[in-house]
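# Observations on the three-dimensional arrangement
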Amino acid sequence: SRYIEFLPSFYSHIAMVLATLLCLFAYKNKIHPTYINIFFFILNVSDLSILIYYTNCYQSFILPWITIVPAFALLLTKKRYGIHALITSTIIVLAFYFFYINGYKAPIAYNTKYTNIFSLMVNIGLIYILYFIAILFENTKNVALRNVEIKNDKVEVQKKALEEKQNEILASSSYAK
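I will try to describe carefully the structure that is included in this document. Everything numeric here is computed off the predicted structure, so don't read it as measured data. (Residues numbered from 1 in each chain as written. Predicted model: local features only at pLDDT ≥ 70, side-chain atom pairs only at ≥ 80, totals over all residues. Heavy atoms only, no water.)

### As for the nonpolar core
We count it as follows: Buried residues of nine kinds, namely Ala, Val, Leu, Ile, Met, Phe, Trp, Tyr and Cys, make up a nonpolar core once their side-chain atoms join them within 4.5 Å. Buried, partly exposed and exposed residues are distinguished by accessible area as a fraction of the type maximum, computed with a 1.4 Å probe on protein chains only: under 20%, between the cut-offs, and over 50%, respectively. Only DSSP runs of H or I covering at least 4 residues are called helices, and only runs of E covering at least 2 are called strands; the numbering of each starts at the N terminus. Contacts between residues were defined by any pair of non-hydrogen atoms, one from each residue, lying within 4.5 Å.
Core analysis: the biggest nonpolar cluster contains 25 residues, and Leu-48, Ile-52, Ile-62, Trp-65 and Phe-118 have the highest contact counts within it. Among the elements of the structure, helix H2 (33-53), helix H3 (68-76), helix H4 (79-101) and helix H5 (115-176) are those that each provide at least two residues to this core. When near neighbours in sequence (up to four residues on either side) are disregarded, Ile-52 contacts Cys-57, Ser-60, Ile-62, Leu-63, Ile-66 and Phe-96.

### Let's talk about the environment of Tyr-11
Relative to the assigned elements, Tyr-11 resides in helix H1 (residues 7-28). Residues Tyr-11 and Phe-98 lie 87 residues apart in sequence; the distance between their C-alpha atoms is 26 Å.

### Quick word on the packing of H2 against H4
Quick reminder of the rule: Convention adopted: a line fitted to C-alpha atoms gives each axis, helices being fitted over their contacting stretch, and angles between N-to-C directions are expressed from 0 to 180 degrees. We call two directions roughly parallel when the angle between them is under 35 degrees, roughly antiparallel when it is over 145, roughly perpendicular when it lies between 65 and 115, and oblique otherwise. If you view the pair so one helix is near and one far, a crossing is left-handed when the near helix is turned anticlockwise from the far one by less than a right angle, and right-handed when it is turned clockwise. Ten residues, namely Ala, Val, Leu, Ile, Met, Phe, Trp, Tyr, Cys and Pro, are considered nonpolar, four, namely Asp, Glu, Lys and Arg, are considered charged, and the remaining ones, Gly among them, are considered polar.
One way to put it is that H2 packs onto H4 with a least axis distance of 12 Å and a crossing angle of 15 degrees. Taken together, the axes of H2 and H4 lie roughly parallel to each other. The two elements H2 and H4 meet at a crossing, and its hand is right-handed. Where H2 abuts H4, its residues Thr-34, Ile-38, Phe-41, Val-45, Ser-49, Ile-52 and Tyr-53 lie against Tyr-81, Ala-85, Thr-88, Ile-92 and Phe-96. Looking at the contact of H2 with H4, its residues break down into nine nonpolar, three polar and no charged.

### Topic: the layout of surface pockets
Over the atoms rolls a probe the size of a water molecule, and in doing so it shows where empty space is left. Definition in use: A 1.4 Å probe that fits into a set of points on a 1 Å grid over the protein atoms alone but cannot get out defines a cavity; an open set with protein on both sides within 12 Å along at least five of seven lines defines a pocket, and lining residues are those with an atom within 4 Å of a point. Grid points are joined across faces, edges and corners, and a volume is the space filled by probe spheres set on the points.
Of the voids in this model, the largest pocket is the one considered here, and its volume is about 800 Å³. For the largest pocket, the lining is made up of 25 residues, of which Asn-44, Asp-47, Leu-48, Trp-65 and Ile-68 are closest to its centre. If you list the elements that add at least two residues to the lining of the largest pocket, you get H1, H2, H3 and H5. Of the residues forming the lining of the largest pocket, the biggest block, seven residues, is contributed by H2. By residue class, the composition of the lining of the largest pocket is 18 nonpolar, six polar and one charged. One number sums up the size of the second largest pocket: a volume of about 180 Å³. Taken together, Thr-20, Cys-23, Leu-24, Tyr-27, Pro-33, Ile-36, Asn-37 and Phe-40 make up the full set of residues lining the second largest pocket. Looking at the lining of the second largest pocket, the elements that each hand over two or more residues are H1 and H2. Across the lining of the second largest pocket, the residue classes break down as six nonpolar, two polar and no charged.

### Examining H4
To keep things clear, this is the line we draw: Any helix carries an expected span of 1.5 Å times its number of residues minus one.
Helix length check: H4 (23 residues) gives 33 Å between terminal C-alpha atoms against 33 Å at 1.5 Å per residue, within 8%. Within the span of H4, buried status applies to Tyr-81, Gly-82, Ala-85, Ser-89, Ile-92 and Phe-96. For H4, the elements touching its buried residues are H2 and H3. Just past H4, the residue Gly-103 takes up positive phi, approximately 80 degrees.

Below is the structure:
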């Protein structure tokens, strides 16, 4: 941020670091995770909106990053909050588009001689973030499948034990006759 003279990013990232520490403190002090997630979601959307605004709004190369907000909200919270994030992100994109089509001149608050490298870093970052989201999803799916497999194995063992008991009962009842 400082290298490309993008001060809004520098300040918003400082705020995000402090907010993250606050969330960790809240989690450690047994604040309900739902409240922490909502707080963190609002801060992330605000931070991302600030970055998009100061890099030319709808024409910002940071704009595609808004796509990760609903994905993270869905993975880290409930489906309901994922839907809220989806709607919020959509409204933000529509608002930036509205400004764009109405001729609003958005600020560019970084040194434009670094546009190409800035864009490259942002796009590579998005690739990696989406990959890590996919890895998180994959790991969660694999754990769930493993848990189902373990439960199925336990049920199979119980089923065999019940079948053996049933056979013993049937054998003893036919012996008693």
